[in-house]
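# Close look at the chain arrangement
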Amino acid sequence: MAFQMGEETRQVQATWDVTTYNYKVDGRGIKLLADGMKDKKILGIRCHNCGTVYVPGPPFCRKCYIPIDEIAEVKDSGEVVSFAVEMADVRGNPLDEVRVSGMIKLDGSDTFINGRIQVDDWHDVHIGMRVKAVWVPEPQGNLSDIDHFEPI
Amino acid sequence: MERKVAVVGYAMTRQASDIGVPRPIMLFELVKGLFDQMGITRDDIDTFVLCSNDFQCGRTISNVFEDTPVGAYMKDETKVEADGVMAVMYGAIRIMSGLYDTALVVGNSLGGSEFRPYLIMDYQLHPAYDRQLGILNEPVTAALQAKAYMEKYKITEDHLNKIAARLLRNAAKNPFALRGKEDATPEYIASSEYLYEPLRELHCYPFTDGACAVVLASDKRAKALTDKPVWIKGFGDSIEGYFLGDRDLSWSRSAKVAADRAYRMAGISNPAKEIDVAEISIKFASQEPIICEALGLFPEGSGAEVADRGLAEIGGEMPVCPSGGGLGAYPFSAMGLIRVAECAKQINGEAGDIQVKDVKTAVAHGQDGFCAQHNAVMVLSSEEG
């Protein structure tokens, strides 16, 4: 026999708020990046074998699969590789003001970081656009020390 | 392949935004129905492969709650957390090992009624980096990927609208799809709201409830179970690094590697000629040209031309997703399984209004992760060997 829709069904509300947890972060990667931001420096790791500069730097080269630890400073300016114009939040609620999220290739880096791009009109944003980091007035040494990026 | 494996049975639920029954009942009805239709019992299944996701099921180790509904009580059982094509691969490999002759592969999701998939995807983000930055979520990554392809190959939003309109028209003819529109036009797609420019609501997958089950068998058992076995000729799988910052999003390297592996195993040298229909897993209209090109179905950067000339239509040069694909329904975990089942339907001439003419060879594709980080490709055929 087929179950009839709804007849056998009850819904209960459940949540995933089980616990907080401690997530280990490699000291040479994300922490290096965050620490450097206190002095408005952007630090990644260069692979001594293939030369790839990663920001944030992993403890091993993802391509060569060898341990790497050579610190490389990159610029706080770069180029927009791609971008998304958010008209709604992740829950689908319309935003009062559109937000532009960019993928940015910082000068000296081979990988891209993500950051908010602030412009008066989002139509002006384009791939290949040059942008520069705008730092918070008093950097604390965490990832939010770059407030946003603006066109150069 | 030394030991051949065939799809010998398949069934899927109607995909819905709310299927209306709890997961165990959905799975029980689906699998029991398939067994009855095939004239077999759970005793005929040697190994069970479940495909589901802890977060999407609202409980960890999701398979331990799904094994009895699919008939796996006290049986040999295992789980794949990612996509259905990967689960079918795993089932096929278990049979190829010689340890088993039959496998049941079942995938399911209640992403329409129980949770919002975008929020579940947030939990895949790196806790100490991406979640701290607070920039990425699934549709943002999709828009970044879309822009990267569109800019590189000069395709416009109108082309995305054409892709989405075709898929919704196909989905309208597929009785199992959730969202279809018989007369969908590019203008109709363009009338939906922007969510994450360039993506509009109708460029994005609908949140879907659904499940699919596939029975696999060795060549030794296949013919006793069906007179229309669909042979798995080849498969391949590949995964990129997690960090989007490492990836050129204008193409899919891992989908290409996965396809190359599958084609080599299947002895296919010219996929565009040798494959009759493709069922791929896309979450956003903009992913279609990226995946099709990685699978060698169309030339690199041809998205605009394919859309303008209707080459992917059911009657076109290379029909892609006659079922409506991911814009018709996207039940996580079951998605790739449904692609495999749709390929089997096409090969067996059982696809009704969405039937492509004379299908001998079909390709199924599944993905998992942000911007299709992980890809799997499977070639299916009516020809044994």
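This text gives an overview of the structure that appears in the document. These numbers were taken from a predicted model, which means no experiment stands behind them.

### Comments concerning the overall build of chain B
Per the secondary structure count, chain B includes 15 helices and 11 strands. Computed over C-alpha atoms, the radius of gyration of chain B comes to 19 Å, within 12% of the 21 Å expected from 2.2 N^0.38 for 385 residues, which places it in the range of a compact globule. Projected onto its principal axes, the C-alpha positions of chain B cover 55 × 45 × 40 Å. Counting over 385 residues, chain B shows a buried share of 67%. Contacts in chain B between residues at least 24 apart in sequence constitute 77% of all its contacts with a sequence separation of at least 6. In chain B, the 39 positive side-chain charges and the 53 negative ones have mean positions that sit 2 Å from each other.

### Digging into the sheet that holds strand 3 (residues 70–74) of chain A
Residues and elements named next belong to chain A. Pairing is antiparallel across the open sheet formed by three strands, whose spatial order is 2-1-3. Both outer strands of the open sheet, strand 2 (53–54) and strand 3, are each paired with one neighbouring strand and no more. Strand direction decides the pairing type here: strand 1 (residues 42–46) and strand 3, joined by five bridges, are antiparallel. Counterpart to L43 in the pairing with strand 3 is E73. Helix-sheet contacts for helix 1 (residues 30–37) involve strand 1 and strand 3, and the interaxial angle to strand 1 is about 150 degrees.

### Quick look at the pairing of strand 5 (residues 194–197) of chain B
Note that strand 4 (residues 77–88) of chain A and strand 5 of chain B share two bridges and pair antiparallel. The residue of strand 5 of chain B that forms the bridge with A:E86 is B:Y196. With two bridges connecting them, strand 5 of chain B and strand 6 (residues 199–200) of chain B associate as antiparallel partners. Its bridge partner being in strand 6 of chain B, B:Y196 is matched across the sheet by B:L199. Where strand 5 of chain B hands over to strand 6 of chain B, the hairpin turn is made up of one residue, counted between the paired strands.

### Description of the nonpolar core
B:V7, B:L216, B:I232, B:M378 and B:L380 are the most contacted members of the largest nonpolar core, which has 42 residues in total. Membership of the second largest hydrophobic core comes to 38 residues, among which are B:A164, B:A259, B:I291 and B:C321.

Reading guide: rules and limits
- Residues numbered from 1 in each chain as written.
- Chains lettered and ligands numbered in written order.
- Predicted model: local features only at pLDDT ≥ 70, side-chain atom pairs only at ≥ 80, totals over all residues.
- Heavy atoms only, no water.
- Helix = DSSP H or I, 4+ residues; strand = E, 2+ residues; numbered from the N terminus.
- Rg over C-alpha atoms; globule rule 2.2 N^0.38 Å.
- Buried < 20%, exposed > 50% of the residue type's maximum accessible area, 1.4 Å probe, protein only.
- Contact = heavy atoms within 4.5 Å.
- Lys, Arg positive; Asp, Glu negative; His and termini not counted.
- Charge placed at Lys NZ, Arg CZ, Asp CG, Glu CD.
- Pairing = 2+ DSSP bridges.
- Axes fitted to C-alpha atoms, helices over the stretch in contact; angles between N-to-C directions.
- Core = buried A, V, L, I, M, F, W, Y, C linked by side-chain atoms within 4.5 Å.

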